[in-house]
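Observations on chain architecture
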Amino acid sequence: MLANIIIFAAINLSPVLADMFLLNPSLIAERPWSLFTVFFSHELFIHILLNMLLLFVFGTRLERETNYSVILGVYVLCGFAGSLSTIGYASAIGYQGGPIAGASASAFGVTAAYAALRPDAVVLKSKAIHWVAALFVVNALLTIQNPQVSVGGPAHAVGIALGLLIGYVLRSKYGTTRTKK
């Protein structure tokens, strides 16, 4: 979370840093590191607020059930898969926009991993798996409604799908009823 906050501040203070951290599909050959830096990047306050809320609420629960290394692994894997899907999708729709902030695939992946590990756990008055379903449906609707604006939509879906897969794998290691204190 701290890395996200620091990079958010840096990007908003310096447009040059935004160009370096954000993912620009047309410049990926020149800036391959952006496949990784993008999943720590946010441009809008509401974007970082929502993603950090997901990380705080679901990430702390996932850490209690597993450990910090698992959260970091899920975050990085889902973020990288999201970056790759963004590149593919941008190419498929002929995206001509600028750089893309892409931390949501990672945050959605952590959320989904916890939901797959503990689907019936009540989080903010709803089952964890219901939160993931809502994220998926809203994301799909926004992407279908305006694919050029929601170019990160497929990355979000990939983050959710990979997070669910990882969470199901974690169930075999951590069980379905164990709660680590």
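Our subject is the structure that appears above.
From a predicted model like this one, the values you see are computed outputs, not experimental measurements. (Residues numbered from 1 in each chain as written. Predicted model: local features only at pLDDT ≥ 70, side-chain atom pairs only at ≥ 80, totals over all residues. Heavy atoms only, no water.)

**Quick look at the overall build of the chain**
For the chain, the count of helices and strands is 8 helices and 2 strands. In terms of C-alpha radius of gyration, the chain reaches 16 Å, essentially the compact-globule figure of 16 Å for 181 residues. Along the three orthogonal principal directions, the C-alpha set of the chain runs to about 45 × 30 × 25 Å. Relative to all contacts within the chain whose residues are 6 or more apart in sequence, the contacts with residues 24 or more apart total 77%. Of the roughly 9100 Å² of accessible surface on the chain, a fraction of 71% belongs to carbon and sulfur atoms. (Helix = DSSP H or I, 4+ residues; strand = E, 2+ residues; numbered from the N terminus. Rg over C-alpha atoms; globule rule 2.2 N^0.38 Å. Contact = heavy atoms within 4.5 Å. Areas by Shrake-Rupley, 256 points an atom, 1.4 Å probe, with all protein chains shown as cover.)

**Quick notes on unusual backbone geometry**
Here L124, not a glycine, exhibits a phi torsion of approximately 50°, which is positive. Checked against the element boundaries, L124 lands in the loop between β1 (122-123) and β2 (126-127). Assessed through its relative accessible area of 53%, L124 is described here as exposed. Positioned with a positive phi, K125 is a non-glycine residue whose angle comes to about 70°. Note on placement: K125 falls in the loop between β1 and β2. Classification of K125 by relative accessible area gives exposed; the value is 84%. (Buried < 20%, exposed > 50% of the residue type's maximum accessible area, 1.4 Å probe, protein only.)

**Concerning the side chain of T37**
Among the secondary structure elements, T37 is positioned in helix α3 (residues 34-37). Its relative accessible area of 18% is what places T37 among the buried residues. In this structure the side chain of T37 is engaged in a polar contact, spanning 2.8 Å, whose partner is the backbone oxygen of F21. Setting aside residues no more than four positions away along its own chain, T37 makes contact with M20 and F21. (Polar contact = N/O pair within 3.5 Å; in protein donor to acceptor, adjacent residues only side chain to side chain.)

**As for the nonpolar core**
Across soluble globular proteins, you tend to see nonpolar side chains buried next to one another. Judged by nonpolar contacts, the single largest core of 37 residues is most densely connected at F58, L62, V74, V110, Y114, I160 and L170. When contributions to this core are tallied by element, the ones reaching two or more residues are α4 (45-65), α5 (68-93), α6 (104-117), α7 (128-145) and α8 (153-174). Take this core: its biggest share by element is 9 residues, from α6. Here Y114 is in contact with F58, R61, L62, E65, A121, V123 and A128, once residues within four sequence places are set aside. If you look at the next biggest cluster of nonpolar residues, it comprises 5 residues, including Y89, A90, I100 and V151. (Core = buried A, V, L, I, M, F, W, Y, C linked by side-chain atoms within 4.5 Å.)

**A short note on the packing of aromatic side chains**
Taken as a whole, this structure holds 6 aromatic pairs when the rule is applied. Ring centres of F36 and F80 lie 4.9 Å apart, and the angle between their planes is 10°; on these two criteria the pair is classed as stacked. Linking F36 in helix α3 with F80 in helix α5, this pair joins segments that are 44 residues apart in sequence. Of the residues examined, F80 reaches a relative accessible area of 27% and is grouped as partly exposed. (Phe/Tyr/Trp six-rings, centres within 6.5 Å; stacked < 30°, edge-to-face > 60°.)

**Re the environment of G159**
With respect to the secondary-structure elements, G159 resides in helix α8. For G159, a relative accessible area of 0% translates into the label buried. In this structure the C-alpha to C-alpha distance between G159 and S83, which are 76 residues apart in sequence, comes to 9.6 Å. Residue contacts for G159: discarding those within four places in its chain leaves C78, A105, F108 and G109.

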